Amino acid sequence: MFPDTVLRTERFVLRPFTPDDAHDTWASCVDPLTQRWLPLPRPYRPEEATAWCTTGSHALRASGDGIHFAVAEPDGGRLLGTVGLKRTDWRARTREVGYWVSPWARGRGVPTEATRTLATWLLADQGFQRLELRAATGNIASQRVAVKAGLRREGVLRNAGFVHTGRVDLVVFSLVPGDLVAAPADDRSVGADGSPTEAELDVIEERAANASPGPWTPLPETRAGIGRASFLRIGAAGGEGDDEWRLTRITSGREVAGPDERPDADLDFIASARQDVPRLVAEVRRLRAALSAENS
């Protein structure tokens, strides 16, 4: 089994889970974005969080399966997420890494910094020869963490994973001892021209991914002021998850509704943002990659 270990990064501490982490673990694991990509119990109950923090995570180390760390602020600070090793092959000296991030800690580079620290410990100090990470093809944020932590993309395992909505293909990344000499990408760099940083783009992208699926559309009939309100359809008409939201404007403490050009313009903006934001983030990253390739 792995030794009982505490690791430190520039900003965080990786330590064993304690009973004090139970509430934050529960709050993290009921989060929709966490549930979207991890096959955690649904519903995830407080007693399950307590069991993980007091026995489950420690039993996995004792069994030889791996080791799981709570990623937290130093000096008794709040839980920010977890990173851990699983499916350890002691003969081949290979292992798989996984992580999740608490909703209140997203956009701070937590999984990148924690994964790189854990990888260095595993490959340099523990004598392992390969670290592997698998992420659903749709989980772009997790794939970006892998790249920033220095792992290399190898390919796709078809139909190899599962989430609550069904089977998914998995992208495979790996890190071997020789890769440790390469510096990981810095996801906290600030654009000199005031453009969004990579961390800020991650937050924007996660916010869009966490919202209800698109398309979002304004309901045309409300433009005539029917019901003296504006409505927004979430999801395709008649499809699964189709819903309507009534939008109101509060001005000087009172509700303003009815046919008004300004609320209609705002309605268009809100509805379009669901489709526009992912495309804009993708375009920013495409342009940055093109500029980087041109300057290299």
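The coordinates are above.
Residues numbered from 1 in each chain as written. Predicted model: local features only at pLDDT ≥ 70, side-chain atom pairs only at ≥ 80, totals over all residues. Heavy atoms only, no water.

Student: Tell me about the pattern of salt bridges, and please be specific about residues and values.
Tutor: Applying the stated criterion to the full structure yields 14 salt bridges. One salt bridge in this structure joins D24 and R78, with 3.2 Å as the shortest N-O distance. Placement of the pair is D24 in helix α1 (residues 22-29) and R78 in the loop between β3 (67-72) and β4 (79-89), with a sequence separation of 54 residues. By relative accessible area, which is 13% here, D24 ends up buried. A salt bridge links R45 to E48; its shortest N-O distance comes to 3.5 Å. R45 sits in the partly exposed class, given a relative accessible area of 42%. Each member of the salt-bridge network shares a partner with another, and the members are R130, E132, R134 and E154. (Salt bridge = Lys/Arg side-chain N within 4 Å of Asp/Glu carboxyl O. Helix = DSSP H or I, 4+ residues; strand = E, 2+ residues; numbered from the N terminus. Buried < 20%, exposed > 50% of the residue type's maximum accessible area, 1.4 Å probe, protein only.)

Student: Requested: an account of unusual backbone geometry, with residues and values cited.
Tutor: Negative phi characterises most residues that are not glycine, and trans characterises most peptide bonds. Residue P43 follows R42 across a cis peptide bond; omega there is 5 degrees. You can see P43 is positioned in the loop between α2 (32-37) and α3 (46-63). Its identity is not glycine, yet R87 carries a phi of approximately 50 degrees, on the positive side. You can see R87 is positioned in strand β4.

Student: Just give me the short version of the environment of P103, but keep the residues and values in it.
Tutor: Following the sequence through the fold, P103 ends up in the loop between β5 (94-101) and α4 (110-125). Look at P103 and you get partly exposed, because its relative accessible area is 29%. Separated by 23 residues in the primary sequence, P103 and L80 place their C-alpha atoms 8.2 Å from one another. Beyond its immediate chain neighbours, meaning those up to four positions away, P103 contacts A27, S28 and D31. (Contact = heavy atoms within 4.5 Å.)

Student: Kindly report on the sheet that holds strand β8 (residues 166-175), identifying the contributing residues and their values.
Tutor: The 8 strands lie next to each other as β1-β2-β3-β4-β5-β6-β8-β7, forming an open sheet whose pairing is mixed. Two strands lie at the open edges of the sheet, namely β1 (7-8) and β7 (152-163), each paired on one side alone. In this structure, β7 lies alongside β8, joined through 8 bridges in antiparallel fashion. Looking at the pairing, G161 lines up with V168 of β8. (Pairing = 2+ DSSP bridges.)

Student: Give me the lowdown on α1, citing residues and values where you can.
Tutor: Among the 8 residues that make up α1, 6 are buried, leaving the element largely enclosed by the rest of the structure. Those residues of α1 that sit buried are A22, D24, T25, A27, S28 and C29. Tucked into the core, α1 has its buried residues touching α2, α3, β4 and β5.

Student: Account for the state of the cysteines, with residues named and values stated.
Tutor: This model, assessed by the stated rule, comprises 0 disulfides. In this model C29 remains outside any disulfide bridge; the closest cysteine sulfur is found in C53, 8.5 Å from its own. With a relative accessible area of 2%, C29 lands in the buried category. By relative accessible area, which is 1% here, C53 ends up buried. (Disulfide = S-S within 2.5 Å.)

Student: Describe the nonpolar core, and please don't skip the residues or the numbers.
Tutor: Judged by nonpolar contacts, the single largest core of 32 residues is most densely connected at V83, L85, L118, W121, L122 and L133. Elements that contribute at least two residues to this core include exactly β3, β4, β5, α4, β6 (130-136), α5 (140-148) and β8. At 7 residues, α4 tops the list of elements feeding residues into this core. Apart from the residues within four sequence positions on either side, L118 is in contact with L7, F69, V83, G84, L85 and V97. (Core = buried A, V, L, I, M, F, W, Y, C linked by side-chain atoms within 4.5 Å.)

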